[in-house]
Structures are given as structure tokens and as C-alpha cells.
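# Architecture at a glance
Each chain is listed here by its residues.
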Amino acid sequence: MKDPSRARVSKRALQAAGQPISQLMAMALSNPNIISLAAGFVDNDSLPTEITKDAVNKVLTDGVDSKVALQYGSNLGDEQLRSQILRQAIEMNQTAAATLVDYNLGLEQVFITPGSNQLLFLLADTLLNPDDIILCASPSYFVFIGAIKNIGGQTLGIATDEMGIIPNSLDAALSQLDSEGKLSKVKAIYTVPYFDNPGGTTLPSERGKQILEIAKKWSREHKIYVISDEAYRMLRYQGDDTPSIHHWDPSLEHTIVAGTFSKSFSPGIRVGWGFIPQDLVGPLSDQKSNVDFGAPLLAQRIMATVLNDGHWLEHVDKLRAVYNKRRNAMLNALSDHLGTMEGCHWHEPKGGLCVWLTLPNHINTGMQGAFLKSAVAAGVVYVPGEYCFAARGEPANHSTIRLTFGVQSAERIEQGVRILSEQIKAWQ
Ligand SMILES: Cc1ncc(COP(=O)(O)O)c(C=O)c1O
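Residues numbered from 1 in each chain as written. Predicted model: local features only at pLDDT ≥ 70, side-chain atom pairs only at ≥ 80, totals over all residues. Heavy atoms only, no water.

This part is about empty space enclosed by the protein. Applying the stated criterion to the full structure yields 3 cavities of 30 Å³ or more. What the largest cavity holds in volume is close to 210 Å³. Glu 230, Arg 233, Met 234, Trp 273 and Trp 312 are the residues nearest the centre of the largest cavity, which is lined by 20 residues in total. Listed by contribution, the elements that provide at least two residues to the lining of the largest cavity are helix H5 (79–97), strand E9 (255–260) and strand E10 (272–275). Here the lining of the largest cavity gets 5 residues from one element, more than from any other, and that element is H5. Its residues assigned to classes, the lining of the largest cavity shows 11 nonpolar, 7 polar and 2 charged. Volume-wise, the second largest cavity comes out at about 70 Å³. In terms of lining, the second largest cavity is formed by 13 residues, of which the most central are Pro 193, Tyr 194, Leu 203, Pro 243 and Ile 245. (1 Å grid on protein atoms, 1.4 Å probe; cavity = no way out; pocket = protein on both sides within 12 Å on 5 of 7 lines; lining within 4 Å. Points joined across faces, edges and corners; volume = space filled by probe spheres on them. Helix = DSSP H or I, 4+ residues; strand = E, 2+ residues; numbered from the N terminus. Nonpolar A, V, L, I, M, F, W, Y, C, P; charged D, E, K, R; others polar.)

This part covers the site of the ligand. Around the ligand, the neighbouring residues are Gly 115, Ser 116, Asn 117, Tyr 141, Asn 197, Asp 229, Ala 231, Tyr 232, Thr 260, Ser 262, Lys 263 and Arg 270. Asn 117 places a main-chain nitrogen or oxygen 3.0 Å from an oxygen atom of the ligand. At a separation of 2.8 Å, an oxygen atom of the ligand approaches a polar side-chain atom of Arg 270. Out of a free accessible area of 400 Å², the ligand has 94% covered by protein chains. Class assignment for the residues of the shell around the ligand results in 3 nonpolar, 6 polar and 3 charged. (Near = heavy atom within 4 Å. Polar contact = N/O pair within 3.5 Å; in protein donor to acceptor, adjacent residues only side chain to side chain. Areas by Shrake-Rupley, 256 points an atom, 1.4 Å probe, with all protein chains shown as cover.)

The 8 strands are arranged E2-E10-E9-E8-E7-E3-E4-E14 in an open sheet whose pairing can be described as mixed. The open sheet has two free edges, formed respectively by strand E2 (110–113) and strand E14 (392–393), since each of these has just one partner strand. Running at roughly 135 degrees to strand E4 (residues 154–158), helix H8 (residues 167–179) makes contact with strand E3 (133–137), E4, strand E7 (186–191) and E14 of the sheet. (Pairing = 2+ DSSP bridges. Contact = heavy atoms within 4.5 Å. Axes fitted to C-alpha atoms, helices over the stretch in contact; angles between N-to-C directions.)

On to the environment of Trp 356. Its location among the elements puts Trp 356 in strand E11 (residues 354–358). Classification of Trp 356 by relative accessible area gives buried; the value is 8%. Those residues within four positions of Trp 356 in sequence are excluded, and the remaining contacts are Pro 139, Pro 198, Gly 199, His 345, Trp 346, His 347, Gly 385, Cys 388, Phe 389, Thr 400, Ile 401 and Arg 402. (Buried < 20%, exposed > 50% of the residue type's maximum accessible area, 1.4 Å probe, protein only.)

Let us now look at the pairing of E10. Judged by which residues are buried, E10 turns out to be covered on both faces: Gly 272 and Gly 274 on one side and Trp 273 and Phe 275 on the other are all buried. Relative to E10, E2 is paired through 4 bridges, and the arrangement is antiparallel. In the sheet register, Val 110 faces E10, and the bridge partner there is Phe 275.

Now for the domain arrangement of the chain. Partitioning the chain into domains gives domain 1 (11–46 + 314–426) and domain 2 (54–311). Taking the mean C-alpha position of each, domain 1 and domain 2 sit 25 Å from one another. Of the roughly 3400 Å² buried between domain 1 and domain 2, counting both surfaces, carbon and sulfur atoms make up 56%. By the criterion of area lost to domain 2, the three top residues of domain 1 are Arg 12, Lys 350 and Arg 392, representing 20% of everything that side buries. Counting across the interface, domain 1 meets domain 2 through 0 salt bridges. The interface formed by domain 1 and domain 2 includes 16 residue pairs in polar contact (both at pLDDT 80 or more). Elements represented by at least two residues in the side of domain 1 that touches domain 2 include exactly helix H1 (11–16), helix H12 (311–338), E11 and E14. (Domains from an automatic or database assignment. Buried area = accessible area lost by both parts, 1.4 Å probe. Salt bridge = Lys/Arg side-chain N within 4 Å of Asp/Glu carboxyl O.)

Structure below.
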């Protein structure tokens, strides 16, 4: 119907409308008494105000450099920050693997983006033609699933266990695509190896290696990349750090690493990074110059100063203590209230901010279902798991929930899980 007063936006814009998370936020904001176990925010009280003030002061009182911070920067980002991030990542990998590998990387392979979401979006936009495929864990980070769909690509979900993507299932899916003549459509495998959002799973280093080998094996018609989204790597509360997939592919033939300071420092400063294969540097850089020709330089200079002064790792230690307490509060509450309930299960995340909860099959946790409405009426909100499944591959499980423990106090987490458990029991 013609209506001259209405904007005629693109199909892509129409598809992007109504992100589930904004509806959930609106629900939580409409009533401050609702305990949101849905929000992907970080802990407000732990945000590093003093460290940041100090860094801003230094950045802006440093003669010529202070003017530089207020100028446009370069497309790839601040050189000092890029080398600091790369050095830190290599050091962490060498320590975790207890092996020294020659990382034969050029600094042009390190990109700064305003948050790693921009990098993920640029990757999808750079790699995908309509109907091209990215394989991902089932469940997976729903914002990336949304971005791929928005660009006209397809996601195909691979079966997971408590250690993330199951390599045999990944291999079988690629074999199936090959037999359907669709191997040429597969562009990448996406994994969140450290404390996945939403699954809470941790991919052992061995599995990372296997995934890389599978990507190489099926790179017959063109290269299949492995996107290792390491957003939560620094937020570990249990066990030792493990080397990134990058360590098994040191010059980045197939591997793309996405990282961010959002979770480990501040999402408001919003500095993320990518380690990129040499053959993608040009195409990604071209795409980026269409978007912003460089992340905000002031934010990058602030982060470079924080790293230089050694404050980042100090801050990470404090965050780990705060979040570990909250994780334990959530896990204890789940086990107290749902531990003996048939059909309810979850695995214990070793880090990150999420717990993935599966409920009995007859409870539909979805946005349109009655269960979510009654949970909200009772005072708790969560992210329906249905948003976290790929369009194809492993089927969506509509009886799942993503809970986060980053925002609420231990007491509110306990209270929220109790209310949720009462709802689940009422639906038995
Ligand atoms: C798995 C994962 N990747 C990437 C991001 C993006 O973070 P940012 O754009 O703030 O760096 C998030 C944020 O929640 C995330 O959970």
C-alpha cells in the first residue's frame, strides 16, 4: 500500500528491526523491581572510574600527543595500542601453552575496532554473499547470528557439549554440505572458545586445534576461516588459561581472533581488536574505511595508557573476584532450587558471565510464550534461548534460557533464581 508519509527502508533495515534484547531491556526498565538476569551489561560498581580519569588526564596533558588523541586516526588504529595488544596476547599464549612459537605477524594484521561487534559485522559483510554459510555452535552469540542474517548469509548450528563445538559433528556437517554441493558456500566457522555466550562452555585447546584442522581439511575450494571470538578470555574464575587457536596458527593462515576490552575493562570506552589473516587485511580495511575510517582515537589512547601503566591486568584481577562470587551465587541457587528437578540442567561455566539453562521440554521459554510473561509478572526476566540458535543445522531448543550474573548482586541473583524456580515448579 502506498503511503508517502512512511520511510521506505531497505530489506536489511527491516530485518534488523526488533532485536529481542531491546524488547527485554524495555520490559526490565518498565519496572525497576524486576530482577533482570537477561542484561548483557557489566557490573556498574566495578567500572574503572579512577584508572580512566587518570589515563584521560595523562592523554590530554601530554603536549603534542594530546592534540593527536583528538584528531582522526588511522583506519587500522593506534600503532602503540596495536603492538601492546599483540604482545600481551602472544605472551599469554606462550605462557598457557608452555611452548615458544614464532608468531610471524605484521602489525597491519592487527585491527582496532570500536568494540568487537564491529569487527564481527565487518567480517560477515566482507566474507558473505547471499546464502553463504557460517558454521557456529548451537547455541551461539545471538547478535552475530542476527548480523549474518541481516547481511543475507546463513548460519548452520553444530552440536555442542559442555566443551563447546563437537569436532566430529563439525566434520560431519561439512561432509554433508560437500555432498549437497554446498561446500563452496561455507566461509567460516565461528566459535567463542572461552566461556561462551550463551552456552557457558569452554573449548579445550585440543578441540581448538581439531577445529582448525577441520577448517584446513575442508578448504578445498577456497579458504574456510576460523573466527575465534575471545570476548571473555580474561574473565576466568577456575582453572588455568589455555592458548588461543591463534597459537596453533601463529601467522594466521585460517584464524581470525576477535577481542575486546568491553568485558575486562569498560564497554563505554569500547575498544576491540582483531588479528587478521594477511589476505583479509586489504578487504577488511576497505570495508572499514566505508564505515568510520578508524575507531575513535581518544578511546584508543586511553586504553594504550591504561595498558602502559599496568592497570588493565590489576583491574581484571578485581573483576574476577567480583564475578566469581556472583557466578557461585547463581550456581548455588540453581542447585538449591532446581538440583533435583527432572528435565532441568546446566553446566558450570569456568568463567564469563552466562549460564545456559535447559528446562523440561513442555515449557516453552520463548518471547511469545506464556512462561516468559508469568516470569516477568513474578519479577524476573531472562533471554529466551530460542534467539541463540542458527537458522539451520541443530534444531532450536525452545525450552532453554540464557541467564547472566554480571549485573545483579549475589543477593538479587539468589532471589531471581528462586522466583524463576518457583515458576518452573508451577509449570510442572
Ligand atoms: C561473544 C561476544 N562477542 C562479542 C561481543 C561484543 O562486545 P563489544 O562489541 O562490546 O566488544 C559480545 C558482547 O556481549 C559477546 O558476548
